[in-house]
Amino acid sequence: MLNEKGFDLWADHYDKTVQISEDNNQYPFAGYKQILAYIYNEVMQPHQSTILDIGFGTGVLAAKLYEHNHEIIGLDFSKQMISIAQSKMPDAQLIEWDISKGLPGEVHSKVFDSIISTYALHHLREEEKVSVINDILPLLKENGKIFIGDVAFPTRRQLEACRLENIDVWDEDEFYFVVEELSDRLKGICTCKFHPVSHCGGVIVLEK
Ligand SMILES: C[S@@+](CC[C@H](N)C(=O)[O-])C[C@H]1O[C@@H](n2cnc3c(N)ncnc32)[C@H](O)[C@@H]1O
């Protein structure tokens, strides 16, 4: 599994890796731009909103929102990713933090119109994902939403089919979203809707 140092090394060529996978409609980044665009369009609705981005990476999505005067607070554990993103968003509050350890003190006192996370939470195991969701739900303003854009499948069977088709390149250290399983775990906690975008990715929307 990639740790913060692994992401530091990946940071400078991250955007290129994504583009090649996306251009070829291949696992894992097939649909990447459309997934980010979906979230962008949803999150842009309220003007000048406050947004938390978990695992913002090089800031592809957050920087676009920042350019439109949204307030960006971000968490990421890679110094190099933070450095690239901060150069695009000088006034954003980008916090070096490992999300598997819960939330940093700086965000506890804040509330957000939207919480977004793209291609980051699949680095966490299922129980860690649910724990992060439980931690961030109380940070949402009334009518606020969580948007998770990631490698995701409606069912375990569909994930398994994709794994077999991509067996040579499949990353066994990543834990992709299976929406029917996530929905079960989140019953009674929040609503969970899925918008599939490509054969291996989509947007999960969570609401209190
Ligand atoms: C694949 S990149 C995605 C970047 C960006 N959100 C995007 O859509 O292109 C994953 C990002 O999540 C960060 N990340 C992974 N695990 C993390 C963790 N446990 N805590 C904080 N950041 C993490 C990495 O440093 C990296 O910047």
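Keep in mind that this is a model prediction, so the values were computed, not measured. (Residues numbered from 1 in each chain as written. Predicted model: local features only at pLDDT ≥ 70, side-chain atom pairs only at ≥ 80, totals over all residues.)

Participant: How do you make sense of the site of the ligand when you look at a structure like this?
Facilitator: For the ligand, the set of nearby residues contains 17 residues, the closest of which are Gly55, Gly57, Ser78, Thr118 and Ala120. Grouping the amino acids of the shell around the ligand by side-chain chemistry returns nine nonpolar, six polar and two charged. (Near = placed C-beta within 6 Å. Nonpolar A, V, L, I, M, F, W, Y, C, P; charged D, E, K, R; others polar.)

Participant: Honestly, the pairing of strand β8 (residues 201-207) in this entry has me stumped. Any pointers?
Facilitator: Regular strands show a simple pattern: their side chains alternate between the two faces of the sheet. β8 sits mainly inside the fold: five of its seven residues count as buried. Note: strand β5 (residues 140-153) against β8, six bridges, orientation antiparallel. In the strand pairing of β8, Ile148 is matched with Ile204. Pairing analysis gives six bridges linking strand β7 (residues 191-196) to β8, with the strands arranged antiparallel. Each residue of the ladder has a partner; that of Cys192, found in β8, is Leu206. (Buried ≥ 20, exposed ≤ 12 C-beta atoms within 10 Å, placed from the backbone. Helix = DSSP H or I, 4+ residues; strand = E, 2+ residues; numbered from the N terminus. Pairing = 2+ DSSP bridges.)

Participant: Looking at this structure, I do not really get the environment of Ile115. What am I missing?
Facilitator: Residue position: Ile115 is located in strand β4 (residues 112-118). Between the C-alpha atoms of Ile115 and Ile136, which are 21 residues apart in sequence, the distance is 7.9 Å. Not counting residues up to four positions away in its chain, the partners in contact with Ile115 are Leu52, Ile54, Ile136, Leu139, Leu140 and Ile146. (Contact = placed C-beta atoms within 7 Å.)

Participant: What is the right way to look at the environment of Met89 in this model?
Facilitator: Considering the arrangement of structural elements, one finds Met89 in the loop between α4 (79-88) and β3 (93-96). A count of 20 C-beta atoms within 10 Å places Met89 in the buried class. Once the C-alpha coordinates of Met89 and Phe29 are considered, the two residues, 60 residues apart in sequence, prove to be 24 Å apart. Ignoring any residue separated from it by four or fewer positions in sequence, one finds Met89 in contact with Gly59, Ala62, Ala63, Tyr66 and Ile72.

Participant: How should I be thinking about the packing of helix α1 (residues 4-23) against α4 in this particular structure?
Facilitator: Pairs of packed helices are described in terms of their axes, by the angle between the two and the distance that separates them. Interaxial distance between α1 and α4 falls to 7 Å at its minimum, and their mutual angle equals 35°. When α1 is examined against α4, the residues Phe7, Asp8 and Ala11 are found in contact with a partner set consisting of Lys79, Gln80, Met81 and Ile84. Of the residues contributing to the contact of α1 with α4, the split by class is four nonpolar, one polar and two charged. (Axes fitted to C-alpha atoms, helices over the stretch in contact; angles between N-to-C directions.)

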